[in-house]
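If you want the building blocks of each chain, they are given just below.
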Protein chains: 2
Amino acid sequence: MDIEKLRREYTPMSETAFYILLSLVEERHGYGIMQYVDGLTGGRIRLGAGTLYGSLSRMEKDGVIEAAGEEERRKLYRISGIGREILKIEIMRLGELYQNGMKLWEGIS
Amino acid sequence: MDIEKLRREYTPMSETAFYILLSLVEERHGYGIMQYVDGLTGGRIRLGAGTLYGSLSRMEKDGVIEAAGEEERRKLYRISGIGREILKIEIMRLGELYQNGMKLWEGIS
DNA sequence: GATGATTATATCACGTGATGATATATCATT
DNA sequence: AATGATATATCATCACGTGATATAATCATC
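So, here's what we can say about the structure.

Let us now look at the sheet that holds strand S3 (residues 74–79) of chain A. Residue and element names in this part refer to chain A. As summarised here, the arrangement of the three strands in space is S1-S3-S2, forming an open sheet in which the pairing is antiparallel. Every other strand in the sheet has two partners, leaving strand S1 (28–29) and strand S2 (65–71) as the edge strands with one partner each. Looking at chain direction, S1 and S3 are connected through two bridges and run antiparallel. Bridged to arginine 28 within S3 is tyrosine 77. The strands touched by helix H4 (residues 49–61) are S2 and S3; relative to S2, the strand with the most contacts, the crossing angle is about 115 degrees.

Before going further, it helps to examine the interface of chain A and chain B. Across the boundary between the two partners, chain A contributes 28 residues, which contact 28 residues of chain B. At the boundary of chain A with chain B, the tally comes to four salt bridges. Between glutamate 15 of chain B and arginine 93 of chain A there is a salt bridge whose closest N-O contact spans 2.7 Å. In this structure, the connection of chain A to chain B is made through eight residue pairs in polar contact (both at pLDDT 80 or more). Elements represented by at least two residues in the side of chain A that touches chain B include exactly helix H2 (15–23), helix H3 (30–40) and helix H5 (81–106) of chain A. Examining the composition of the side of chain A that touches chain B, we find that 17 residues originate from one element, H5 of chain A, more than from any other. Its residues placed into classes, the side of chain A that touches chain B shows 17 nonpolar, four polar and seven charged.

What counts, and at which threshold
- Residues numbered from 1 in each chain as written.
- Chains lettered and ligands numbered in written order.
- Predicted model: local features only at pLDDT ≥ 70, side-chain atom pairs only at ≥ 80, totals over all residues.
- Heavy atoms only, no water.
- Pairing = 2+ DSSP bridges.
- Helix = DSSP H or I, 4+ residues; strand = E, 2+ residues; numbered from the N terminus.
- Contact = heavy atoms within 4.5 Å.
- Axes fitted to C-alpha atoms, helices over the stretch in contact; angles between N-to-C directions.
- Salt bridge = Lys/Arg side-chain N within 4 Å of Asp/Glu carboxyl O.
- Polar contact = N/O pair within 3.5 Å; in protein donor to acceptor, adjacent residues only side chain to side chain.
- Nonpolar A, V, L, I, M, F, W, Y, C, P; charged D, E, K, R; others polar.

Below, the structure is given as structure tokens:
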């Protein structure tokens, strides 16, 4: 699947998908992602099992993330090269939304 | 519907919903929103009729936006008090995502 | 060593909402 | 009068996030 098609399918992405992808900038296994996101967001986001493993399967199938070994009960993943490009685009998109939001918000206090 | 329930149902909100709500910081009619968002995003986001009028109906039903008069063929809307609270929360959420994204992104260049 | 909490992954059914397509009508311009 | 822009509305579809449920191993602790 080419990058342009992936960009269309993955951006805008959901908050949970974003944090899953962001977590995998370093190698992690599913459960580790849960805990990491929990910590990163101060407990605001608690990933459900369905959300997490569903997303992981889809992302691996599409090559946005890739397997990075398997140790006893754990499957390790990491973000792929294409995944990194998608993530970059998504971060920029979020920046645009935030900037536009702040700009207009300040007009009404 | 109380604010807490609305917050649950509206955040995180989609990119299109965000821009629709943001547009209504000033009074606008549906078609005007289309053009405004088009301009604000440099043509990146072109709202489809289905997306727009569907969202508008839902948002008015829930009291996130309110009718602001009707002139010939146009129905004017504006954001409501509760809508403003929701929008504020959403902008803060976007800020969090963006900050976390940038923070981790810089670690990998 | 039994019990309960935590670690760890997987699958399924459900609902919701975004989207594209389609329809309708008016208005301005050529 | 024909075309394109203005303006709103509805409908079917589809993908995705979510919660529930299941399974099992490991760990702490009593």
